[in-house]
Amino acid sequence: MSEKALILKNVSKTFYINDKKVDTFKERLFNSMSNRNSRSFKAVENISLEIERGENFGVIGRNGSGKSTLVKLMSGAFVPDMGGEIQKNGTSMLLNLGVGMSHELTARQNVYVSGSALGLKIKEIEQLFDKIIEFAELEDFVDSKVKYFSSGMIQRLSFAIATNAGADIMFLDEVFAVGDAKFKKKAIDVMEKSWIDGRTIIMVSHSLTNISKYCKRAVYLKKGKVAYLGDAKEAIKLYNEDNAN
Amino acid sequence: MSNLLPNFFTSWFYESNRAERIWMMAKIEFKLRYYENKLGLMWALIKPVSQILMYYVVFQVLMNQQVENYVIYLFAGLLLWMFFTECTSGTVKILQTKKYLYEYTNMHKLEIYIASILSSVIGLVFNLMIFLIGAWVSGIYPSFHYVFFIFIFINLFVLSFGVSLILSNLFLLFKDIMQIWNIVVGFGFFLSPILYRGDLFSEKLRFLDYLNPISGIINNARNVLMFQANPDWQMLLFDIGYASLILIIGLMLLKRISPRASELL
């Protein structure tokens, strides 16, 4: 049975950049007539693709090629331009360097809030709690506010929540960039295991070895457009060829 | 986001852990607001009490307003007014401060609002208990009219929720909405019968009773909590209609503007 986890049809995303920032009431009142400063910029253009449930899908491309925008579109943080359509089946979680956590809350509170947002009941979170903290190696900081954490600690915590609480679809935007070698290894171990659970993973990475190791299919983005969609090895080959010149 | 309203509301709370999540977030936010410091919950009380003291001196002692049980009278008005301002001014930036909740997972934005307003409700309930004790001490005994307070509370909740939705969504487009709202709140405080007698106010400025949705709510709350009288049903009905309209506008703005919150902030 091949159910689709994600379907994208003609998805584009245009950003309007104002050289002069107009975002207060006063400015809108006085500047509404002169909108000459506005430039549009297509971050992602006309992308159609389907991702199967349980598939590991890679997204590669150079800086500014639209990778993160595409992932944010898929996860629902951004709305596509008119005419584009995105269908997502199941809960999802976006993991990136920004990290979805409140800095005002403690590690404990964040585990509960994020866990619940991912669909767990409070009772289930209570059972998982020690496991999550242990995995994140934060036993001594359970009731400290996240704002006092280092970026590595925050990253570990959100990764621990994500893998233990588990959304149906996980978007991993350069998550391997942070964390020491030991944690990286642990994270990869868990990811390899969790793939068996039929979780869908969309991975954005500059680490081509990771993409080729874990993903069967990939999309290669070039200036917001699909340069190649299909076999991951082929995508990486094309990407390397382009960059060689 | 193509949910039609009816199936939207039925499916909403049935999602198994939604209700418990909202309650959990409300409790966390309440704790964050009051337990951050050593005085803890006392802050929830110190705020109205210090204001009551100040207004008492100015309006009862200096200006000699003839209001019976003026402290209780003030308390009733301030209680509801502070709830309203906390729910509205406090949530103008909610889509910015709680961005992490809806951007990284699929949490519905309405949950975030409801949790935040519920946390203010916890404070209101706490203050209300102090108020009722205070009223009792002053010789105002409970009566069955207390039951009607439910309607007034619902009225206030719907109104605060609606205004909060409108403001926080406009914030995405106008970053200075907070300053504008502060001015409105400043006027609103003196255009509501908080400090002075509601009946005099209504006599002289009848149109304000209809323009300012808080004014009817405060008058009616005093009717049922202090004067052992029925609420002014006509006013109550009008205010509930008013609040519902504001809530509908707020929900429409939420649907229209907030999907683009991540990119606008």
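Everything that follows concerns the structure shown earlier in this document.
Residues numbered from 1 in each chain as written. Chains lettered and ligands numbered in written order. Predicted model: local features only at pLDDT ≥ 70, side-chain atom pairs only at ≥ 80, totals over all residues. Heavy atoms only, no water.

Peer 1: What is the right way to read the nonpolar core from this model?
Peer 2: Taken as a class, soluble globular proteins show a tendency for nonpolar side chains to be buried jointly. With 153 residues, the main nonpolar core has L70, M74, L157 and I202 of chain A together with F131 and F161 of chain B as its most contacted residues. Not counting the four nearest positions on each side in its chain, M74 of chain A is found in contact with L6, L8, L49, I51, I86, K88, F171 and I202 of chain A. Within the second largest apolar cluster, 5 residues are counted, among which are F30, A44, L45 and F126 of chain B. (Core = buried A, V, L, I, M, F, W, Y, C linked by side-chain atoms within 4.5 Å. Buried < 20%, exposed > 50% of the residue type's maximum accessible area, 1.4 Å probe, protein only. Contact = heavy atoms within 4.5 Å.)

Peer 1: Can you walk me through the pattern of salt bridges in this structure?
Peer 2: Two side chains with opposite charge may pair up if their charged atoms get near one another. Tallied over the entire structure, the rule returns 20 salt bridges over all chains. Taking the shortest distance from any N to any O, the salt bridge between K4 of chain A and E50 of chain A comes out at 3.5 Å. Of this pair, K4 of chain A sits in strand β1 (residues 4-18) while E50 of chain A sits in strand β2 (residues 38-52), and the two are 46 residues apart along the sequence. Between D209 of chain B and R206 of chain B there is a salt bridge, with the nearest N and O atoms lying 3.3 Å from each other. One end of the pair, D209 of chain B, and the other, R206 of chain B, are both in helix α11 (residues 206-211), 3 residues apart, so they sit about a helical turn from each other. For D209 of chain B, a relative accessible area of 2% translates into the label buried. Given the relative accessible area of 38%, R206 of chain B is considered partly exposed. (Salt bridge = Lys/Arg side-chain N within 4 Å of Asp/Glu carboxyl O. Helix = DSSP H or I, 4+ residues; strand = E, 2+ residues; numbered from the N terminus.)

Peer 1: Help me understand the sheet that holds strand β3 (residues 56-61) of chain A, please; the structure alone is not making it clear to me.
Peer 2: Two orientations exist for strands paired in a sheet by backbone hydrogen bonds: parallel and antiparallel. Residue and element names in this part refer to chain A. Strand order in this open sheet of 6 strands is β5-β6-β7-β3-β8-β9, and the pairing throughout is mixed. Two strands bound the open sheet, and with one partner strand each, they are β5 (92-95) and β9 (225-231). Pairs of neighbouring strands in the sheet enclose a mean axial angle of 15°, with direction left out of account. Bridge count between β3 and strand β7 (residues 200-204): 4 bridges; the pairing is parallel. Among the inter-strand pairings, F57 is bridged to a residue of β7, identified as I202. Of the strands in this sheet, β5 and β6 (169-173) touch helix α5 (residues 151-165), which is tilted by about 160° from β5. (Pairing = 2+ DSSP bridges. Axes fitted to C-alpha atoms, helices over the stretch in contact; angles between N-to-C directions.)

Peer 1: Help me understand the interface of chain A and chain B in this model?
Peer 2: A common way to report how large an interface is uses the accessible area buried once the components associate. At the interface, 38 residues of chain A touch 25 residues of chain B. A combined buried area of about 2,700 Å² lies between chain A and chain B, and 60% of that area is made up of carbon and sulfur atoms. In terms of surface lost to chain B, no three residues of chain A exceed F25, V113 and A117 of chain A, which account for 18% of the buried area on that side. Of the charged contacts, one joins E103 of chain B and K72 of chain A as a salt bridge, the two residues approaching to 3.4 Å between their closest N and O atoms. Counting the contacts that link chain A with chain B gives 8 residue pairs in polar contact (both at pLDDT 80 or more). (Buried area = accessible area lost by both parts, 1.4 Å probe. Polar contact = N/O pair within 3.5 Å; in protein donor to acceptor, adjacent residues only side chain to side chain.)

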